Each structure stands twice: as structure tokens, then as C-alpha cells.
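One letter stands for each residue in the lines below.
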2 protein chains.
Amino acid sequence: MSTVYTRPLARLIEHLQRLPGIGPKTAQRLALHLLKRPEAEIQALAQALVDAKQQVGVCSVCFHLSADPTCDICRAPQRDDSTLCVVADSRDVIAIEKTREYRGKYHVLGGLISPMEGITPDHLHLHPLIQRASQPQITEIILAINPSIEGETTTLYVGQLLKPFAKVTRIAFGLPVGGDLEYADEITLARALEGRRELDWR
Amino acid sequence: MSTVYTRPLARLIEHLQRLPGIGPKTAQRLALHLLKRPEAEIQALAQALVDAKQQVGVCSVCFHLSADPTCDICRAPQRDDSTLCVVADSRDVIAIEKTREYRGKYHVLGGLISPMEGITPDHLHLHPLIQRASQPQITEIILAINPSIEGETTTLYVGQLLKPFAKVTRIAFGLPVGGDLEYADEITLARALEGRRELDWR
């Protein structure tokens, strides 16, 4: 390899290859593209990387990614204080925010219970969640956690924990919109049947 | 967008999205992955970006990417001085080097003649190529240029230019190894027929 790429280029390709979903071919293509860009643009990208790493921490209230001590969502006065949506990861907050359907607040657990990987309830942000759930204004806690084995375990565990404080609900699982009964897997279809609701005749 | 991503994260995603083949979803995934890596790793990536941009220039002899005034290939004493392989871009040098089949030297044109895009022969590294081609040790010049319209124009132009100095050849075009006659496009098949060679009975 050392004769194919000049040293600093080889080092850059090596770094890019460590990114998820970036193989050797893509890393080479990205690196050669970057070499052709103006130096100011490269400096700005490098600075953006370092800034993001140094400035982005987690919100002290909900544990969502934030550059401030408290995140934009927790500070927003127009958001509904009575509903908490519990998710595993910040990327779930981002996904739900993009729907523009939810106006309550969030709580990021920071993972899922997984005895196989040694992740016990102590590793999740559960104590602050209980404190928040016990506040009188909270009326509903929505669990929006993936329907995986770890997700189910976590949903049941957190559900039990929060039951004394508020109504605990979970998001629906079923056929995706645009999906096809014929091609749905059995588990999804079973969940869709299980979650059936009476037709709304209004 | 501003409420979905905290500011420094939004800026990083914006920068990543400018890379070729990286859409908004991939940019978000990469940025969230990077936030979870140790700061030392992010600093190293940022440094690798800046170093590559600042240190990698082109070889003064062959115009291949190089961190030194002369590239590794031009300096390698064991490489064949009598053959020059002319390519459009440094990435073509890398592709040919990876075959480990070629032991001669290269010359990177830095583009292809394209009247449509205003790229005339003056924009390519042709004067240094003529100087190299006129050296007595050069016996063969291989043109390894893509079979596109611009590539054909450039091949014919450069071929005419170099004919007085040495034997000028070009790489073969035809059915790719593992390819299927039935699925080959007509132009490739025509080129494969045109380039037919007598069977070697040895």
C-alpha cells in the first residue's frame, strides 16, 4: 500500500475507513475528493469535527445531545410539560422530532438493558427519569423503544418502574404505512393484529 | 432543523453532507457515530484531513499525488525507465498500481480534453510529457485513458503528439473478465470484436 498512496493520503484514507459504512473504495474516493477542495473548506471541516466533539455534551435534564447545559427542547416554553417520551438514544429523539407530531418532552435512557453485553438498569439514566416522572405535572409517559429483545426487556422494566407515577403507554407496532400484508414478516403481522383498534366511525 | 440538532452537530452534519455520495441520513449517522468516539480519535481525524491537504501536492516529474517533490514511483530505482503510462488522473495511477502488473513509470495529464467544458490541451500536463517522451531511454508509451468521448479525443491527440518519439500503444477495451456476452452493451462488444487477437497456441 505504501507505494500506492503517499503517506498523508494513506493516513487520511485509514481514518475515513474507520467510519461506519465506509469501505476502502469509498474512503479513497472521499480522500481524493477532499484533496481537490480548497484548503479553507478542509480547515472548516476539521474545525467542525473538533467543535462538535468538544462542545456537544448531553442535556442535564433529558440526556439528549446538547451544546448547552439544558437542551433546546427542555428549554422550549411552548412544549407540553405533562408528557414524557422515553427513548434509548438521541437519534430516536431526532427521528421523532422530524415527524413534527410530538409536542411533549423527552428522556434519553442512553442504551437498552442487555445482560449479554453487561448493560444493567444501573447503566441507564433511570434515577433522573423516576425523579422527573414523580413531578405532579406529568400525566403520561410514552415508551418509544425498538421492539428488539433488549428493547422489550427495557420497556417492561421501565414500565413497571414508572407505573406508580403516571399513565404509561408505548408506541404502536404493526404494518408500516405503504407496507404490504403479503410481504410483512409474521412477527410484525402478529403485532399488528394484537394492536388492532376499533374503527373510528366519526 | 435548528431544534432537531444542537448547533455544532448541525454544522458537522452540513459539512459531511457536502462529501460525494453522502446524503443527509448518512451524514447524520456519521456525525452521531463520531460524537461517541474518544476526543483523541476525532483530533487525529481532523489533523489527518489538514495534513493531507497541506502536505500532498503533485510530483514534479509525473504529476501524480505526492507529499515529496518527486513521488515514490518516480524515485523507485527498480522501476522500468523505458515505459511511460499516460493517465488522466491520479486515481488511475492508484487503480493500475493495485493490479501489480505494471512496472514502468506514469504521467498524469490532470484531465481530459473537453471543448464543452473549456478544457483545451493547454490545460493538461503535455509539455512535460513531450520532454519526457523525447528522452532516449523511452521505448513505449501506453495510453490508459477511459473510452469516453473526451477520453477518445485525448487519446487521439496525445497519440499524434507522441508518435515521433516512441511506440504508442493503448490499453485493450472489451468484455470484462467474468462478463457475459449476452449482457454486454453493443459498444463494448464491438470494441471486443475490433480488438480480437489470434489465439496463442503455445
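Residues numbered from 1 in each chain as written. Chains lettered and ligands numbered in written order. Predicted model: local features only at pLDDT ≥ 70, side-chain atom pairs only at ≥ 80, totals over all residues. Heavy atoms only, no water.

Caption draft 1: Expanded view of the UniProt feature "domain: Toprim" (unreviewed entry) in chain A. The sites that carry the UniProt feature "domain: Toprim" (unreviewed entry) are, in the present numbering, residues 82-176 of chain A. Annotated as residues 82-176 of chain A, this span is 34% helix and 18% strand, and its ends, taken at the C-alpha atoms, are 28 Å apart. (UniProt positions renumbered as here; feature names shortened; annotations may be inferred. Helix = DSSP H or I, 4+ residues; strand = E, 2+ residues; numbered from the N terminus.)

Caption draft 2: Spatial organisation of the packing of aromatic side chains. Residue and element names in this part refer to chain A. If you walk through the whole model with that rule in mind, you get two aromatic pairs over all chains. Plain terms: the ring middles of tyrosine 102 and tyrosine 106 are 5.1 Å apart, the flat faces sit at 65° to each other, and that makes the pair edge-to-face. On the basis of relative accessibility, which here comes to 1%, the residue tyrosine 106 falls in the buried class. (Phe/Tyr/Trp six-rings, centres within 6.5 Å; stacked < 30°, edge-to-face > 60°. Buried < 20%, exposed > 50% of the residue type's maximum accessible area, 1.4 Å probe, protein only.)

Caption draft 3: The environment of leucine 35 of chain B, seen in detail. Secondary-structure assignment places leucine 35 of chain B in helix α2 (residues 24-36). Here leucine 35 of chain B falls in the buried class, since its relative accessible area comes to 13%. Not counting the four nearest positions on each side in its chain, leucine 35 of chain B is found in contact with Ala52, Lys53, Val56 and Leu65 of chain A together with Leu9 of chain B. (Contact = heavy atoms within 4.5 Å.)

Caption draft 4: Layout of the interface of chain B and chain A. Taken residue by residue, the interface counts 53 residues in chain B and 53 residues in chain A. Our enumeration of links across chain B and chain A arrives at two salt bridges. The tally of links from chain B across to chain A stands at 14 residue pairs in polar contact (both at pLDDT 80 or more). Of all the elements in the fold, those that place two or more residues in the side of chain B that touches chain A are α1 (7-17), α2, α3 (39-55), β2 (65-66), α4 (72-75) and α5 (90-99) of chain B. With 15 residues, the top contributor of residues to the side of chain B that touches chain A is α3 of chain B. Its residues assigned to classes, the side of chain B that touches chain A shows 27 nonpolar, 12 polar and 14 charged. (Salt bridge = Lys/Arg side-chain N within 4 Å of Asp/Glu carboxyl O. Polar contact = N/O pair within 3.5 Å; in protein donor to acceptor, adjacent residues only side chain to side chain. Nonpolar A, V, L, I, M, F, W, Y, C, P; charged D, E, K, R; others polar.)

Caption draft 5: Representation of the relation of the copies chain B and chain A in the model. Aligned on chain A, chain B shows an RMSD of 0.1 Å; the corresponding rotation is 180° and the shift along the axis is 0.0 Å. Interpreted geometrically, this transformation is the action of a two-fold axis. Relative to the rotation axis, the C-alpha of alanine 46 of chain B is the closest in chain B, positioned 2.2 Å from it. A share of 100% of the interface residues of chain B reappears at the interface of chain A, consistent with the copies meeting face to face through the same patch. (Least-squares fit on C-alpha atoms with pLDDT ≥ 70 in both.)

Caption draft 6: Inspection of the sheet that holds strand β6 (residues 167-170) of chain B at higher detail. Residue and element names in this part refer to chain B. As summarised here, the arrangement of the four strands in space is β4-β3-β5-β6, forming an open sheet in which the pairing is parallel. Whereas interior strands pair on both sides, the edge strands pair on one side only; in this sheet they are β4 (105-108) and β6. Here the strands of the sheet are splayed against their neighbours by 25° on average, with no regard to which way each runs. Bridging between strand β3 (residues 83-87) and strand β5 (residues 140-143) involves four bridges; their strand directions are parallel. Bridge pairing in β5 links valine 86 to leucine 143. Its contacts with the sheet put helix α6 (residues 126-133) on β3, β4 and β5, and the angle it makes with β4 is roughly 155°. (Pairing = 2+ DSSP bridges. Axes fitted to C-alpha atoms, helices over the stretch in contact; angles between N-to-C directions.)

Caption draft 7: Up close: the sheet that holds strand β3 (residues 83-87) of chain A. Residues and elements named next belong to chain A. Within the open sheet, the four strands sit side by side as β4-β3-β5-β6. Their pairing is parallel. Two strands close off the open sheet at either side, each with one partner strand: β4 (105-108) and β6 (167-170). Going from strand to strand, the sheet's axes swing by 25° on average, the running direction of each strand aside.

Caption draft 8: Highlighting the nonpolar core. In this structure, Leu9 and Leu16 of chain A together with Leu9 and Leu16 of chain B are the most contacted members of the largest nonpolar core, which totals 44 residues. Discounting chain neighbours no more than four positions away, the residues touching leucine 9 of chain A are Ala31, Leu32 and Leu35 of chain A together with Val56 and Leu65 of chain B. (Core = buried A, V, L, I, M, F, W, Y, C linked by side-chain atoms within 4.5 Å.)

Caption draft 9: Summary view of the pairing of β3 of chain B. In terms of burial, β3 of chain B is largely enclosed, as five of its five residues are buried. Residues Thr83, Cys85 and Val87 of chain B line one face of β3 of chain B and the alternating positions Leu84 and Val86 of chain B line the opposite face, and both faces are buried.

Caption draft 10: The UniProt feature "zinc finger region: C4-type" (unreviewed entry) in chain A, seen in detail. As annotated in UniProt, the feature "zinc finger region: C4-type" (unreviewed entry) corresponds to residues 59-74 of chain A in the numbering used here. Across residues 59-74 of chain A, helical content stands at 19% and strand content at 12%; the span's end C-alpha atoms are separated by 8 Å.

Caption draft 11: Quick peek at empty space enclosed by the protein. Following the criterion strictly, the structure yields five cavities of 30 Å³ or more and no others. Taken as a whole, the largest cavity spans an internal volume of roughly 80 Å³. Around the largest cavity, the lining residues are Leu16, Leu19, Leu30, Leu34, Leu45 and Leu49 of chain A together with Leu16, Leu19, Leu30, Leu34, Leu45 and Leu49 of chain B. Put simply, the parts of the chain that give the lining of the largest cavity at least two residues each are α2 (24-36) and α3 (39-55) of chain A together with α2 and α3 of chain B. Classifying every residue of the lining of the largest cavity gives 12 nonpolar, no polar and no charged. (1 Å grid on protein atoms, 1.4 Å probe; cavity = no way out; pocket = protein on both sides within 12 Å on 5 of 7 lines; lining within 4 Å. Points joined across faces, edges and corners; volume = space filled by probe spheres on them.)

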